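# Geometric and topological summary
One-letter residues, chain by chain:
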Amino acid sequence: MATIWYALLGLFFATYLVLGGYDYGVGLLLTRPGDPRDRRAALNAVGPFFLGNEVWLVAAVGILFGAFPLLEGELLAGFYPAVLGAVTGVVLVTAGVQLRSRPRAESARAAWDRVVVAGSALAALGWGALLGGLLQGVPLRADGHVAGVSHLFTPFVAATALAMVALVAVQGATFLTLRLPAADVPPVARLARGLVLAALAALAAATVLGLLSDRVRAAVARPALAVLLPLALVAALLAARAALGRGRAGVAFAATSAALALPVLLIGAALWPRVLFSTGDPAASLTVADAAASGPTLSLLGWLALPLLPALLGFQAMCWWVFRGRTDGRAPVYW
Amino acid sequence: MDPLLIARLQFATTTSIHFLFVLVTLGLVTLLVGLQTAWVITGKQTYQRLTRFWGTLYVINYVLGIATGIVMEFQFGLNWSGLSRYVGNVFGAPLAMETLVAFFLESTFLGMWIFGWHRLRRGVHLALLYGVAITAYASVFWIMVANSWLQHPVGYELRDGVAHLTDFSALLSNPTFTVAIWHVIFAALTTGGTLMAAVSAWHLLRRTTDHQLFRTSLRIGLPTAVVSATFALWFGFAQEDGVALAQPTKLGDEQAKAAAVADFTARFGPGDYLPPALAGTAMEIMIMIGFTIWCAVLLLPLLYRDWLIRLRFPLYLLLFAVPLPFIAAICGWLTREVGRQPWAAYGLLQARDAVSPVDGGVMLASFLGFSLLLGTLAVANWVLFARHAARGAADPAIGRAPGADADRSDTRPESLFA
């Protein structure tokens, strides 16, 4: 039962990174100079999906709290600075996107857009740092608490944080090639192809620093999966670049989505059965089974929540289906 | 700095700001369901325009509800890791349910509702709003189950100092839950009704266009506020006996208080087990405000032949009543939350044992940062709310026909962020 919930936790967080990833990517691309109408068009391309994207994060943390209470406390408190940055970013983006068009003055809208840009960068940096931090383990004290937060400040974590920024930027640009009116696509596609190169560079830096880090080498229980991660990401990014070049926006978006989902799944699998690796005494590491709530809680959650999962996915799918296709003059504009 | 104090201050600040917005969300979505249903059934333009006007205000208000809610959710892990460690097995389940089956769907539905105007069939579009409202109430249900468990832990057994769930139905029949949830719901409806009446009163006082429209929403808002305030008062007083039994140190008589303190001292060692005086003061203020709002019942006869509008001064009363339900709500939470100190879970886990072992400096940075951030966003949100309320129902942003972008930028100078 704990394994199922762990898989669900991974699924929800990975889906959040895929969907929230293009929110933040589009947010980062608001820095592009140009007509304010282009910025509004980009935000309204995300439009109907925006509110349904960040809920995956809220649900993931809900699963974390309900099914893995011990992990919830140690993970969030142990990675305090990363989580703080990510949550600040999420809050700024959610407020910025929804409020930016409520004032009429273009100057006020531009100010809100800067809020969205800052929030997108913070959110990507925070989640990237959290994933990197998981991969290099934490100093667990004898009482099971994570000691301090300085363990987070390493070159490897900085590299994974920056790699996440590059990945969401690619994701955002690729999403826009899928959603904007066909005439507006070529410049965005060129931008996306360029961003892929930046993402590859950031990924290479993170890979080298990870291979050089004793802590990462010690924490990884399945080195093969950990080595597979950068290779799979490179493959996905190259596939996306090729598809963008041929104008296959759907394929490119699938590839960049895989690039955002894979880190969560492969990091979870590479650390398995541990989830928080203890850098001091490996035997003190927190395993998934230890972190899980007790049996009655898990089965209660299973009975109450699992039958509703098809409804959750169904209504999300309804949203994607109803608002499929490219935005045009008839699409509602609100953000 | 003492991490416990900062963690408590941060929780109080975030919860209070969050509650100010969710009250309006819950109150307005209920009224909005009524308005859109009336539009779909009668086909009258008045109801469509009211739906668009109040829908715009509702969606603006919703933004900060989410933003503060996200911080709330993460705060449990960031600052209160002891809570998840010792009682997470029980307390975590209703919170997980809230995020999965309530909030997840609520936001998904709302996104489709906002962008579904002119695109979805009327019945489907209305059904989405019903979905938003039902899931909003489901949120209240699960959050109140979780909070009530902290007020009065039931249905669990302790093994090695960790609480394990034994009887989930006990959580749902918790005496601190069954009555309190109605109190909260009617408090939200009182807030929504007051806000609707006050915004309408402002337009009627200023003699803006759309007299008929705001007359209608005044006649919806005022009775909603009065009837809901009656029930909120009723369910407020109805809690007293249950709370006195479940939490003797909050509302019990002197004898019960002394017995509870003796019991806690025997089990947990000596300490200060009586809540701060703030809780009692907050309760008195809340009750006073409750009766004050209820006095609006005297205004109901004036709805006859529009005397309410013609006399004008009752409109001023409604306008100046806006802060009252919000102050009462904050006082209500102070009563409930400060009143159970020093406990995080009453009689089971003290707040000082629940706080994360995080350095005081890190926590202070988080507290100051988030308070400043959420405070600033809240003020910006209210300014936008007020401006859109004042702008009137001529062309609200929600439900505007595609292409008719009257909201396009103009060149008039306007202050930053507003």
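Thresholds, definitions, all that
- Residues numbered from 1 in each chain as written.
- Chains lettered and ligands numbered in written order.
- Predicted model: local features only at pLDDT ≥ 70, side-chain atom pairs only at ≥ 80, totals over all residues.
- Helix = DSSP H or I, 4+ residues; strand = E, 2+ residues; numbered from the N terminus.
- Rg over C-alpha atoms; globule rule 2.2 N^0.38 Å.
- Contact = placed C-beta atoms within 7 Å.
- Buried ≥ 20, exposed ≤ 12 C-beta atoms within 10 Å, placed from the backbone.
- Pairing = 2+ DSSP bridges.
- Axes fitted to C-alpha atoms, helices over the stretch in contact; angles between N-to-C directions.
- Parallel < 35°, antiparallel > 145°, perpendicular 65-115°, else oblique.
- Left-handed = near helix turned anticlockwise from the far one by under 90°.
- Nonpolar A, V, L, I, M, F, W, Y, C, P; charged D, E, K, R; others polar.
- pLDDT = per-residue confidence, 0-100.
- Core = buried A, V, L, I, M, F, W, Y, C linked by C-beta atoms within 7 Å.
- Arc of directions from axis to C-beta.
- Expected span 1.5 Å × (residues − 1).

Assigned secondary structure in chain A consists of 14 helices and two strands. What you see for chain A is a C-alpha radius of gyration of 20 Å, in line with the 20 Å of a compact globule of 335 residues. Principal-axis analysis of the C-alpha atoms places the extent of chain A at approximately 60 × 45 × 35 Å. Residue pairs at least 24 apart in sequence account for 80% of intrachain contacts in chain A once pairs closer than 6 positions are excluded.

What chain B contains, in helices and strands, is 17 helices and four strands. Relative to the globule expectation of 22 Å for 418 residues, the C-alpha radius of gyration of chain B, 23 Å, shows essentially globular dimensions. In chain B, buried positions account for 55% of the 418 residues. Residue pairs in contact within chain B that sit at least 24 positions apart in sequence constitute 79% of those at least 6 positions apart.

Below, the discussion takes up the environment of Leu 32 of chain B. Residue and element names in this part refer to chain B. Positionally, Leu 32 belongs in helix 1 (residues 3-42). Assessed through the 23 C-beta atoms surrounding it within 10 Å, Leu 32 is described here as buried. For Leu 32 and Tyr 58, which are 26 residues apart along the polypeptide, the C-alpha to C-alpha distance reads 8.5 Å.

A few words on the pairing of strand 1 (residues 156-159) of chain B. Residue and element names in this part refer to chain B. As defined by bridge partners, strand 1 adjoins strand 2 (residues 162-165) across four bridges and the pair is classed as antiparallel. The partner of Tyr 156 across the bridge, within strand 2, is Leu 165. Taking the residues between adjacent antiparallel strands as the criterion, strand 1 and strand 2 are bridged by two residues, where Asp 160 takes a positive phi near 55 degrees.

All names here are of chain A. One way to put it is that helix 7 (residues 155-179) packs onto helix 11 (residues 249-271) with a least axis distance of 9 Å and a crossing angle of 155 degrees. One finds that helix 7 runs roughly antiparallel with respect to helix 11. At the point where helix 7 passes helix 11, the crossing takes the left-handed sense. In contact with Leu 167, Val 170, Gln 171, Thr 174, Phe 175, Thr 177 and Leu 178 of helix 7, helix 11 contributes Ala 249, Gly 250, Ala 252, Phe 253, Thr 256, Ala 259 and Leu 260. Here the contact of helix 7 with helix 11 is built from residues that sort into nine nonpolar, five polar and no charged.

Each partner contributes to the interface: chain A provides 70 residues, whereas chain B provides 68 residues. Examining the composition of the side of chain A that touches chain B, we find that 12 residues originate from one element, helix 3 (residues 50-67) of chain A, more than from any other. Here the residues of the side of chain A that touches chain B sort into 47 nonpolar, 16 polar and seven charged.

So, on to the environment of Ile 220 of chain B. Residues and elements named next belong to chain B. Inspection of the secondary structure assignment puts Ile 220 in helix 8 (residues 211-238). With 26 residues separating them along the chain, Ile 220 and Thr 194 place their C-alpha atoms 10.0 Å apart. Apart from the residues lying within four places of it in its own chain, the contact partners of Ile 220 are Leu 31 and Met 196.

Summary statistics for chain A give a mean pLDDT of 93 and a share of 100% for residues scoring 70 or more. Of all the helices and strands in chain A, helix 4 (residues 69-78) of chain A carries the lowest mean pLDDT, 89, while helix 7 of chain A carries the highest, 97.

One finds Leu 9, Ala 60 and Val 83 of chain A to be the most contacted residues of the largest nonpolar core, which totals 282 residues. Among the elements that make up this core, the one with the highest residue count is helix 3 (residues 81-115) of chain B (21 residues).

Turn by turn, an α-helix covers 3.6 residues, leaving residues three or four places apart pointing in a common direction. Residues and elements named next belong to chain B. Within the sequence span of helix 14 (residues 313-320), burial applies to Pro 314, Leu 315 and Leu 318. End-on, the buried residues of helix 14 take up no more than an arc of 105 degrees, which puts them together on one face. Exposed residues on helix 14 whose side chains face more than 90 degrees from its buried face are Phe 313 and Phe 320. Residues of helix 14 that are buried sit in contact with helix 7 (180-206) and helix 13 (307-311).

All names here are of chain B. Looking at chain B as a whole, the pLDDT averages 92, with 96% of positions reaching at least 70. Note on residues 409-416: pLDDT under 50 across the span, and 15 contacts to partners over four residues away in sequence or across chains. Interface confidence for the predicted complex, given as ipTM, is 0.95, next to a pTM of 0.94.

To continue, consider helix 7 of chain B. Residue and element names in this part refer to chain B. The terminal C-alpha atoms of helix 7, which comprises 27 residues, lie 39 Å apart, in line with the 39 Å expected from a rise of 1.5 Å per residue. For helix 7, the buried fraction is high: 23 of the 27 residues fall into the buried class. Trailing helix 7 by a residue or two, Arg 207 shows a phi angle of about 50 degrees, which is positive.

Quick look at unusual backbone geometry now. The peptide bond linking Trp 272 of chain A to Pro 273 of chain A adopts the cis configuration, its omega dihedral lying at 5 degrees. Topologically, Pro 273 of chain A is positioned in the loop between helix 11 and strand 1 (274-276). A cis geometry characterises the amide bond from Gln 341 of chain B onward to Pro 342 of chain B, with omega recorded as 5 degrees. By secondary structure assignment, the location of Pro 342 of chain B is in the loop between helix 15 (323-338) and strand 3 (343-345). At Asp 210 of chain B, a position not held by glycine, the phi torsion is positive, near 70 degrees. When you line up the elements, Asp 210 of chain B lands in the loop between helix 7 and helix 8. Here Asp 210 of chain B falls in the partly exposed class, since 19 other C-beta atoms lie within 10 Å of it. Here Asp 306 of chain B, not a glycine, exhibits a phi torsion of approximately 60 degrees, which is positive. Assignment of secondary structure puts Asp 306 of chain B in the loop between helix 12 (278-294) and helix 13.

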